[in-house]
Amino acid sequence: MIKPLGDRVVIKVSEGDMKTASGIVLPDTAKEKPQKGEVVAVGSGKVLDNGQKVAPEVKVGDKIIFSKYAGTDIKVDGTDYLIVRESDILAIA
Amino acid sequence: MIKPLGDRVVIKVSEGDMKTASGIVLPDTAKEKPQKGEVVAVGSGKVLDNGQKVAPEVKVGDKIIFSKYAGTDIKVDGTDYLIVRESDILAIA
Amino acid sequence: MIKPLGDRVVIKVSEGDMKTASGIVLPDTAKEKPQKGEVVAVGSGKVLDNGQKVAPEVKVGDKIIFSKYAGTDIKVDGTDYLIVRESDILAIA
Amino acid sequence: MIKPLGDRVVIKVSEGDMKTASGIVLPDTAKEKPQKGEVVAVGSGKVLDNGQKVAPEVKVGDKIIFSKYAGTDIKVDGTDYLIVRESDILAIA
Amino acid sequence: MIKPLGDRVVIKVSEGDMKTASGIVLPDTAKEKPQKGEVVAVGSGKVLDNGQKVAPEVKVGDKIIFSKYAGTDIKVDGTDYLIVRESDILAIA
Amino acid sequence: MIKPLGDRVVIKVSEGDMKTASGIVLPDTAKEKPQKGEVVAVGSGKVLDNGQKVAPEVKVGDKIIFSKYAGTDIKVDGTDYLIVRESDILAIA
Amino acid sequence: MIKPLGDRVVIKVSEGDMKTASGIVLPDTAKEKPQKGEVVAVGSGKVLDNGQKVAPEVKVGDKIIFSKYAGTDIKVDGTDYLIVRESDILAIA
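All values reported here derive from a predicted model rather than from experimental measurement.

J.: Explanation requested: the overall build of chain A in the structure shown.
T.: Looking only at helices and strands, chain A has zero helices and eleven strands in total. The order of helices and strands in chain A, counted from the N terminus, is β-β-β-β-β-β-β-β-β-β-β. Within chain A, the fraction of its 93 residues that count as buried is 46%. A separation of at least 24 residues holds for 63% of the contacts in chain A among residues at least 6 apart in sequence.

J.: Would you mind going over the relation of the copies chain E and chain A with me for this structure?
T.: Look at the two chain copies: a rotation about an axis and a shift along it is all it takes to match them. Expressed as a screw operation, the relation of chain E to chain A combines 0.0 Å of axial shift with a rotation of 51 degrees, fitting to an RMSD of 0.0 Å. A distinct binding surface is used by each copy, with only 12% of the interface residues of chain E retained as interface residues in chain A.

J.: So what exactly am I meant to see when it comes to the layout of surface pockets here?
T.: Where empty space is left becomes clear once a probe the size of a water molecule has been rolled over the atoms. Considered as a void within the structure, the second largest pocket measures approximately 1200 Å³ in volume. Considering the residues around the second largest pocket, the lining is formed by 42 residues, among which Asp7(F), Gly45(F), Lys46(F), Val47(F) and Arg85(F) are closest to the centre. Within the residue set of the lining of the second largest pocket, elements represented by two or more residues are β6 (46-47) of chain D, β6 (46-47) and β7 (53-54) of chain F together with β6 (46-47) of chain G. Residues belonging to the lining of the second largest pocket are distributed by class as follows: 15 nonpolar, seven polar and 20 charged.

J.: What should I look at first to understand the interface of chain E and chain A in this one?
T.: Accessible area lost upon the coming together of the parts serves often as the stated size of an interface. Across the boundary between the two partners, chain E contributes 25 residues, which contact 23 residues of chain A. Summed over both sides, the interface between chain E and chain A buries roughly 1900 Å², with carbon and sulfur atoms accounting for 55% of that surface. One can count one salt bridge joining chain E with chain A. Glu57(E) is the salt-bridge partner of Lys3(A), the closest N and O atoms lying 3.8 Å from each other. The interface formed by chain E and chain A includes seven residue pairs in polar contact (both at pLDDT 80 or more). When contributions to the side of chain E that touches chain A are tallied by element, the ones reaching two or more residues are β4 (23-26) and β11 (89-92) of chain E.

J.: When you look at the side chain of Asp62(D) in this model, what are you seeing that I'm missing?
T.: Residue and element names in this part refer to chain D. Position of Asp62 among the secondary structure elements: in the loop between β7 (53-54) and β8 (63-66). A residue is classified by how much of its surface remains accessible, and Asp62, at 9% relative accessible area, is buried. From its side chain, Asp62 meets the backbone nitrogen of Lys59 in a polar contact 2.9 Å long. For Asp62, the contacting residues outside a window of four places in its chain are Gly37, Glu38, Val39, Glu57 and Ile92.

J.: What is the right way to read the pairing of strand β8 (residues 63-66) of chain B from this model?
T.: In summary, the side chains of a regular strand alternate between the two faces of the sheet. All names here are of chain B. Inspection of the sheet shows strand β5 (residues 35-42) paired to β8 by four bridges, in the antiparallel sense. By the bridge assignment for β8, Gly37 is matched with Ile64. Two elements, β8 and strand β11 (residues 89-92), share three bridges in a ladder whose sense is antiparallel. The residue of β11 that forms the bridge with Phe66 is Ile89.

J.: How should the side chain of Glu86(D) be read in this particular structure?
T.: Looking at where Glu86(D) falls in the secondary structure, it is placed in the loop between β10 (79-85) and β11 (89-92). One buried charged residue, Glu86(D), remains without a salt bridge, the closest side chain of opposite sign being Lys3(F) at 8.1 Å. One polar contact links the side chain of Glu86(D) to the main-chain amide nitrogen of Glu57(D), over a distance of 2.5 Å. Excluding residues within four positions of it along the chain, Glu86(D) makes contact with Asp7(D), Val9(D), Pro56(D), Glu57(D), Val58(D) and Leu5(F).

Cut-offs used in this document
Counting of residues starts from 1 at the beginning of each chain's written sequence and follows it residue by residue. Written order determines the labels here, with chains lettered from A and ligands numbered from 1. Local features are withheld for residues below a pLDDT of 70 in this predicted model, meaning they are given only at 70 or higher, and side-chain atom pairs are given and counted only at 80 or more; totals for whole chains, interfaces and linings count all residues. Water and hydrogen atoms were dropped before computing side-chain values, which therefore reflect all heavy atoms in the structure. Helix and strand definitions here come from DSSP, where helices need a minimum of 4 consecutive H or I residues and strands a minimum of 2 consecutive E residues; each element is numbered from the N-terminal end. Each residue is assigned to one of three classes by its accessible area relative to the maximum for its type, calculated with a 1.4 Å probe on protein chains only: buried under 20%, partly exposed between the two thresholds, exposed over 50%. We call two residues in contact whenever any of their non-hydrogen atoms come within 4.5 Å of each other. The copies are overlaid by a least-squares fit using only the C-alpha atoms of residues whose pLDDT is at least 70 in both copies. A cavity, in this analysis, means grid points on a 1 Å lattice covering only the protein atoms where a 1.4 Å probe fits yet has no way out; a pocket is instead an open set bounded by protein on both sides within 12 Å along at least five of seven lines, and a residue lines either one if it has an atom within 4 Å of a point. Grid points are joined across faces, edges and corners, and a volume is the space filled by probe spheres set on the points. Residue polarity follows a fixed list, in which Ala, Val, Leu, Ile, Met, Phe, Trp, Tyr, Cys and Pro are nonpolar, Asp, Glu, Lys and Arg are charged, and the others, Gly among them, are polar. Take the accessible area each of two parts loses on contact, using a 1.4 Å probe, and add the two losses: that sum is the buried area. A pair is scored as a salt bridge if a Lys or Arg side-chain nitrogen falls within 4 Å of a carboxyl oxygen belonging to Asp or Glu. By the criterion applied in these results, polar contacts are pairs of N or O atoms within 3.5 Å in which, for protein atoms, one can donate a hydrogen and the other can accept it, and in which residues neighboring in sequence qualify only through two side-chain atoms. Pairing between strands is defined by DSSP: at least two bridges between them are needed. Positive residues here are Lys and Arg, negative ones are Asp and Glu, while His and the chain termini are left out of the count.

Next up, the structure:
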């Protein structure tokens, strides 16, 4: 898998509902609705102004909810992925 | 329940009036009116520029007032929730 | 009374003139005119980038002048209040 | 006199020329012209990101030049004043 | 090769698909699609507010994905290159 | 002379060419052209976020080049001056 | 030569191609194309928020590539120069 830089995260977007330990998580149909997916790669973290690197809160395999309009689409070996910043991830489901 | 990231908070929005220890709290009908709700999940807190993590002021079960236009709608097991940043929460009622 | 978060302050807005130790304080009728009120609740203070919490300069009972367009209206037990950030408060009268 | 908060300063605006130790200081008639006045109250100073409070450079009684469009008008016991931030004050005359 | 300053990186843009250890990486055809390339020169790194210099995560020879609209075109000895900031690089392929 | 605050500098604007140790310095006639002048008063310096005050690089008597659209016009004892921030000064001629 | 302030650099713009150790460096003809030049004077460096001064990466005599729309034109003894911030310099050729 590709290796995202800094605080970036690679996500495999989920099309349908997402069954997780929290139950069935379904983004609302409101126009600002979030999306669901699974983390497939995580960057080494954001560098703070004091030079300290902050480890990401998410890890590979986490089911997540993220902002709908975030990120950049990419295709690897025919599969679609999305690269977002960790700050675009709202919650772990 | 889903686990919000960083300084995010998951809220169950209240439809009617909200009776609290402060009395009956009713958002005004002005166009910039806030909303009421109850905290159902809290992130681990915001990371400051010096790497320090700030614990949220709110906790699960708090009745709160928050900015009307804040946050992202989400549905878990058929129930509607809202994910906001803690800075969008105005007060504990 | 509700408990404002961070650097927020709850104000009871004054309708008429405001007699204080400073004399009769009357906002000018210019279009950018400030408003008068009394502090009824104060948050725990703003968290700085170094993690330090700054105690608010105002306290409950202070008569204050604040920016006209600041804040969010709220009603508690039938009484109108305004929630503002302390930086929107210009002076103690 | 009212007590300004933070880095705010209360000014009594001067209408005509201003004779000072520097000579007769007269704002130019250009469209971005500054204004003259006298400091009548000074806040406790601006709080920096490291929590340090910076004492204002101006003191009560100083004749000053300030940005024309700065500040908020206020009336105390029938006299007009202006509340500005110290950063809106250009020079001591 | 020219020496980029600060956190800048010189890239040789790839025209077709890019075979890497991650597989065949193909930017999606969406309108915000990223681009592929190979790093040919790396600056000494970004200087933080505390004076510390952050070493770049990418090195010469890395196959990378970067934001489509980033950077400045340049031609050296007849070959086209692109100068971008490291923050415009999304991932190492 | 008036005393500028913070990182401000008072300049006497030069109308014609300016002969200096560097030779005859003449701002170009391009539309974003700079202006020439002589420093007549200097503030105590800018206060950084850590509370440290940075001594200005310019001193009274320096011939300088500054941004054309910078600053505020002022007249003292019938003479025109300009108050600018030191960051608006490009070079010492 | 004039002495630029802070992180500013004085450049003699090159009109034609630029032969350097890197080869013939020719800015592309794209509309956002950079420009070439030679450094003729360097400021003492940028002051960081912690009061530390960062020495410039470029020195007098360096052949450089810089952003096309950066800087201010100036004429000294009949010769045209450009004053830019070091952050507008992309690379040393």
